[in-house]
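Chain residues, written in single-letter form:
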Amino acid sequence: MGREVTIIKLSVFALATIFSFVAQAQSTVRGHVVNERGDGVEYVSIGIEEDDDENQSSSVGVISDAQGHFTLTIPAGRRDELSFSHVSYQTATIPYTTYADGHELTVTLKDKVIELAEVVVGKKNKSHTLSGKSWLRTSTAGFEGDCKGEIEWGPVFKNRKDYLLTDIMVAIDKCEYEECLLSFNCYEVQDKQFINVLNKPIYQRVTPANNGKQLSVSPAESVVLKGKTKYCVTISVVDIKGKGRLAFPANFKSSYARHKVKGKMKKIPGCPMIIVKGYEI
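Throughout what follows, the structure given in this document is the object of discussion. As the structure is a prediction and not an experimental result, all values here were calculated from the model.

### Some details on the environment of Cys175
Following the sequence through the fold, Cys175 ends up in strand β12 (residues 174–175). Taking the relative accessible area as the measure of exposure, Cys175 reaches 3% and is therefore buried. On a C-alpha basis, the gap between Cys175 and Phe143 in space is 9.7 Å, while along the polypeptide they are 32 residues apart. Beyond its immediate chain neighbours, meaning those up to four positions away, Cys175 contacts Cys180, Val206, Thr207, Pro208, Asn211, Arg245 and Leu246.

Structure, rendered in structure tokens:
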């Protein structure tokens, strides 16, 4: 037993030494993301995309806080440009030469030119469940720890006709955080490329008071989901207070888990039971 303890202590010491060395080789970038009016932009995805060179470190990223401030650690040897993306703004890139000297950055995002669809919904337009109509709970799934902005996750679906997106619904199995903020998104999936169809973010605050309840959010714009087109509606945690986890009822259904900052995507056979509704148009 004594020998086993000694080995464990040596292993921990070795890891601490390695992490210490890596930390010394890393660089830190701090900054503030604002819009063209000087207002801080909340929950911006900031990072370096995957590199095909196996000798390079994997991609890195972070999400800005509610006021647009961020701190990002860059591994040694990386001289890539930084990408800044948000659903309401044009993606911006900052070259290595701009952030290499370590001074604090101010990054300004330009507004998107938003073209809203003109959709008139009348009594003849019927509401339909576009995804999640036959959900049958098989397990639970969710997020835990300091998971802010890392992973977005949701089902893939396709419909024969055009629909106006009206509601995204999800049940809260258990929230252990003091409070967390969910972000909902909707993508058109083309050859494994995710194309955002929203122009405005959709947020929903969750607390333990929501345990066992179903939440429903709606886009603040007209979003048309085209027939015979593949879509993915995702959910992620962009802000948390306290420690714990957030769990949803889950089902074995084709879905995508995607790293919001790094862009890395993985198809998996299960996801939170997200229900999507819309009007036929």
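### Structural notes on a positive patch on the surface
A contiguous patch of positive charge on the surface is contributed by Lys158, Lys192, Lys230 and Lys267. Assessed through its relative accessible area of 30%, Lys230 is described here as partly exposed.

### Points about the pattern of salt bridges
This structure, assessed with the given rule, holds 10 salt bridges. A salt bridge links Lys241 to Glu179, with the shortest nitrogen-to-oxygen separation between them at 3.8 Å. You can see Lys241 sitting in strand β18 (residues 229–241) and its partner Glu179 sitting in strand β13 (residues 179–190), a full 62 residues away along the chain. It is possible to trace a salt-bridge network through shared partners that takes in Lys174, Glu176 and Arg245.

### A word on the environment of Arg37
Tracing the chain through its elements places Arg37 in the loop between β1 (27–35) and β2 (45–48). Residues Arg37 and Thr108, 71 residues apart in the sequence, show an inter-C-alpha distance of 9.1 Å. When residues no more than four places from it in sequence are discounted, the contact partners of Arg37 are Tyr89 and Asp111.

### Digging into the environment of Asp162
Locating Asp162 in the fold gives a position in the loop between β10 (151–159) and β11 (163–171). Between the alpha carbons of Asp162 and Lys226 there is a distance of 4.5 Å; along the sequence they are 64 residues apart. Non-local contacts of Asp162, meaning those with residues more than four positions away in its chain, are made with Val224, Leu225, Lys226, Gly227, Tyr279, Glu280 and Ile281. For Asp162, the side chain forms a polar contact with the main-chain nitrogen of Gly227, separated by 2.6 Å.

Rules and cut-offs
Residues numbered from 1 in each chain as written. Predicted model: local features only at pLDDT ≥ 70, side-chain atom pairs only at ≥ 80, totals over all residues. Heavy atoms only, no water. Helix = DSSP H or I, 4+ residues; strand = E, 2+ residues; numbered from the N terminus. Buried < 20%, exposed > 50% of the residue type's maximum accessible area, 1.4 Å probe, protein only. Contact = heavy atoms within 4.5 Å. Patch = residues over 30% accessible without salt bridge, like charges linked within 9 Å, V, L, I, M, F, W, Y side chains within 5 Å. Areas by Shrake-Rupley, 256 points an atom, 1.4 Å probe, with all protein chains shown as cover. Salt bridge = Lys/Arg side-chain N within 4 Å of Asp/Glu carboxyl O. Lys, Arg positive; Asp, Glu negative; His and termini not counted. Charge placed at Lys NZ, Arg CZ, Asp CG, Glu CD. Polar contact = N/O pair within 3.5 Å; in protein donor to acceptor, adjacent residues only side chain to side chain.

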